[in-house]
Amino acid sequence: MCAIGHNEDANPAIGQTGFLVQVEIDDSSYGDKEFFTAYCYPGVIPGNAFGFNMHGLVLTVDACSPKRYALNGTPRQFLTRAMLASASEDDILNMLTSEHIAYGFSVNFVCSPSTTLWNVEVAPGERDSNETLISCYLVSNDYYIHFNRYERLEVEEIPRRIQSSNHRFRRAHQLPPPRTESDILNILGDDGESQWPIYRTPTGKDFSLTVATALFDLHKGVIDIWRYNPKWSKPIYRFRLKDGEQLPC
């Protein structure tokens, strides 16, 4: 099995207003042709959540909350949108290592037919500097779980914004290691911790909502997307990765 699972967590209003786009750009004055599918927030350009493109790129993004920011840096939304045009892993790695980043994030990606999964953490360096902190992790033979916090970069984070991630991280590692797609969905849909569940619903402490769940199966070449908890509901969309064609669920 080679798969990527992702929960998209956001303000509960996004649950009723988030949407999928399929975009084709074929304009020689613009640049190379693009064709991608992505989950979007209202008023935000594609690339903020999860998506895939005509080159076999699969991309998921985790927002992070470092205390530092760089006013003279490139916003992450511009970078992750540009990534949706990438044709290879090297394209993304070169982009991330050459840009000065305004704010932090983490990105998971693979470019099929390769099944090599990367996680890259990015953060701005010292304030008023052009430094960008970056940590690249190659997931080789096992599994990797990442939340909305830094796991490798030593970056000071906003405490209240990583409370949920801390709890979800601990809970995920209490569950059986994922060996099958069902195992992945059981983790993504877990609500065993009532106040800070992995599959998020607004509670007395956590105000976010899991607005969509995606499972990319790299061997089958498909993505399934859920609107509700994947432990008990069926996917509402299935797309073929190589051409974006919608398939029966």
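Everything discussed here concerns the structure shown above.
The notes below deal with the structure included here. (Residues numbered from 1 in each chain as written. Predicted model: local features only at pLDDT ≥ 70, side-chain atom pairs only at ≥ 80, totals over all residues. Heavy atoms only, no water.)

What about the sheet that holds strand β5 (residues 57-63)?
Turning to step 1, where the next piece is worked out: Strand order in the open sheet formed by seven strands is β2-β3-β4-β5-β6-β7-β8, and the pairing between neighbours is antiparallel. The open sheet terminates on both sides in strands that have one partner only, identified here as β2 (19-25) and β8 (132-139). Averaged over neighbouring strand pairs, the angle between their axes works out to 15° when direction is ignored.
Turning to step 2, where the next piece is worked out: Sheet topology places strand β7 (residues 117-124) next to β8; eight bridges connect them, and they run antiparallel. Each residue of the ladder has a partner; that of Val 122, found in β8, is Ile 134.
Turning to step 3, where the next piece is worked out: Docked against the sheet, helix α2 (residues 76-83) engages β2, β3 (34-40), β4 (50-53), β5 and β6 (105-111), running at close to 165° with respect to β5.
Turning to step 4, where the next piece is worked out: Most of the contacts of helix α3 (residues 89-98) go to β6, to which it runs at about 160°, and overall it touches β5, β6, β7 and β8. (Pairing = 2+ DSSP bridges. Helix = DSSP H or I, 4+ residues; strand = E, 2+ residues; numbered from the N terminus. Axes fitted to C-alpha atoms, helices over the stretch in contact; angles between N-to-C directions. Contact = heavy atoms within 4.5 Å.)

A word on unusual backbone geometry
Turning to step 1, where the next piece is worked out: Note the cis peptide between Ser 112 and Pro 113, where omega equals 15°.
Turning to step 2, where the next piece is worked out: Along the polypeptide, Pro 113 turns up in the loop between β6 and β7.

Thoughts on the layout of surface pockets
Turning to step 1, where the next piece is worked out: Looking at the second largest pocket, its volume works out to about 180 Å³.
Turning to step 2, where the next piece is worked out: Lining the second largest pocket are 15 residues, and of these Gly 18, Leu 20, Tyr 39, Ile 236 and Tyr 237 lie nearest its centre.
Turning to step 3, where the next piece is worked out: Residue assignment for the lining of the second largest pocket shows that the elements contributing at least two residues are α1 (14-17), β2, β9 (209-217), β10 (222-226) and β11 (237-240).
Turning to step 4, where the next piece is worked out: Each residue belonging to the lining of the second largest pocket can be placed in one class, and the counts come to 11 nonpolar, three polar and one charged. (1 Å grid on protein atoms, 1.4 Å probe; cavity = no way out; pocket = protein on both sides within 12 Å on 5 of 7 lines; lining within 4 Å. Points joined across faces, edges and corners; volume = space filled by probe spheres on them. Nonpolar A, V, L, I, M, F, W, Y, C, P; charged D, E, K, R; others polar.)

Describing the packing of α2 against α3
Turning to step 1, where the next piece is worked out: Here α2 crosses α3 at 160°, and the two axes come no closer than 10 Å. Viewed along their axes, α2 and α3 adopt a mutual orientation that is roughly antiparallel. Once α2 is placed against α3, the crossing between them reads as right-handed. Across from Leu 79, Ala 82 and Met 83 in α2, the residues of α3 making contact are Ile 92, Met 95 and Leu 96.
Turning to step 2, where the next piece is worked out: Taken together, the residues of the contact of α2 with α3 sort by class into six nonpolar, no polar and no charged. (Parallel < 35°, antiparallel > 145°, perpendicular 65-115°, else oblique. Left-handed = near helix turned anticlockwise from the far one by under 90°.)

So, the side chain of Ser 164
Turning to step 1, where the next piece is worked out: As for its placement among the helices and strands, Ser 164 is situated in helix α4 (residues 163-172).
Turning to step 2, where the next piece is worked out: A relative accessible area of 4% places Ser 164 in the buried class.
Turning to step 3, where the next piece is worked out: One polar contact links Ser 164 to Arg 168, side chain to side chain, over a distance of 2.8 Å.
Turning to step 4, where the next piece is worked out: Those residues in contact with Ser 164 that sit more than four places away from it in its chain are Trp 196, Arg 200 and Asp 206. (Buried < 20%, exposed > 50% of the residue type's maximum accessible area, 1.4 Å probe, protein only. Polar contact = N/O pair within 3.5 Å; in protein donor to acceptor, adjacent residues only side chain to side chain.)

Topic: the packing of aromatic side chains
Turning to step 1, where the next piece is worked out: A complete count under the given rule lists nine aromatic pairs for this structure.
Turning to step 2, where the next piece is worked out: Note on Tyr 39 and Phe 50: the rings are 5.4 Å apart at their centroids and 20° apart in plane angle, and the pair reads as stacked. Pair noted here: Tyr 39 is in strand β3 and Phe 50 is in strand β4, with a separation of 11 residues, a long-range link.
Turning to step 3, where the next piece is worked out: A relative accessible area of 4% means that Phe 50 is categorised as buried.
Turning to step 4, where the next piece is worked out: Here the aromatic rings of Phe 50 and Phe 216 are separated by 6.5 Å at their centres, their planes lie at 80°, and the arrangement is edge-to-face. (Phe/Tyr/Trp six-rings, centres within 6.5 Å; stacked < 30°, edge-to-face > 60°.)

A few points about the pattern of salt bridges
It is possible for side chains of opposite charge to pair when their charged atoms get near one another.
Turning to step 1, where the next piece is worked out: Here the structure, examined in full by the defined rule, presents 13 salt bridges.
Turning to step 2, where the next piece is worked out: Note that Glu 34 is salt-bridged to Arg 81, the shortest N-O span being 3.0 Å. Placement of the pair is Glu 34 in strand β3 and Arg 81 in helix α2, with a sequence separation of 47 residues.
Turning to step 3, where the next piece is worked out: Residue classification places Glu 34 among the buried positions, given a relative accessible area of 6%.
Turning to step 4, where the next piece is worked out: Accessibility expressed as a relative area gives 15% for Arg 81, which makes it buried.
Turning to step 5, where the next piece is worked out: Of the charged contacts in the structure, one is a salt bridge between Arg 240 and Glu 245, with a shortest N-O distance of 2.4 Å.
Turning to step 6, where the next piece is worked out: By relative accessible area, which is 25% here, Arg 240 ends up partly exposed.
Turning to step 7, where the next piece is worked out: Glu 245 sits in the partly exposed class, given a relative accessible area of 39%.
Turning to step 8, where the next piece is worked out: Through salt bridges with shared partners, a single ionic network connects Asp 9, Arg 168, Arg 200 and Asp 206. (Salt bridge = Lys/Arg side-chain N within 4 Å of Asp/Glu carboxyl O.)

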